[in-house]
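# Close look at the chain arrangement
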Amino acid sequence: MYRSGCPLASALDVIGDKWSLIIIRDLFIERSTFKEFLAGPEGIASNILSQRLKWLQEHDIIDFAYKKDNQKVKHYYLTDKGIDLYPSMYEIMAWSQKNIDKELDPLTIEWNEKNKHKSDKVKIREMIANYREYKINLLSAV
């Protein structure tokens, strides 16, 4: 399953495809259903989304639950292992904003403006805490 004993290569074997980090990002911004992932601006195909959700679940990055009032819709959430990815994802996003000349998404612009006075450590800590709170609320509804 893993190409080598290199930690970077091993991580890329699990999350290094085109879509996994986008799905994980979506979970951090409180998207949790298949339909919400499909509606993302990147335009993931439904068959690819199904494959990636299954792969991420098999690797304990995500899991899902059904809400008590709707047993048909899976609500995905990050496991602790998935939440641990946020600091690395934050650094990749910061690198991208610094080094890639591309117009930012309105959600990113809004988040940057709201958080511009905070240190990177505080931003990361708050995002993780906010997600953990969201996850508790999501799971209490199942």
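You'll find the structure just up there.
This section reports on the structure supplied with the text. (Residues numbered from 1 in each chain as written. Predicted model: local features only at pLDDT ≥ 70, side-chain atom pairs only at ≥ 80, totals over all residues. Heavy atoms only, no water.)

### A closer look at the pattern of salt bridges
Heads up, the condition is: The term salt bridge refers to a side-chain nitrogen of Lys or Arg lying within 4 Å of a carboxyl oxygen of Asp or Glu. Buried, partly exposed and exposed residues are distinguished by accessible area as a fraction of the type maximum, computed with a 1.4 Å probe on protein chains only: under 20%, between the cut-offs, and over 50%, respectively.
For the structure on display, the rule yields 8 salt bridges. Of the charged contacts in the structure, one is a salt bridge between K116 and E113, with a shortest N-O distance of 2.6 Å. On the basis of relative accessibility, which here comes to 58%, the residue K116 falls in the exposed class. Taking relative accessible area as the criterion, E113 reaches 48% and is therefore assigned partly exposed. Through salt bridges with shared partners, one network takes in R25, D26, R31 and E42.

### Thoughts on the environment of T108
Our working rule: Secondary structure counts use DSSP, requiring at least four H or I residues in a row for a helix and at least two E residues in a row for a strand, with both numbered from the N terminus.
Inspection of the secondary structure puts T108 in helix α7 (residues 106–115). Judged by relative accessible area, T108 falls into the partly exposed class, the value being 26%. Separated by 103 residues in sequence, T108 and G5 place their C-alpha atoms 35 Å apart.

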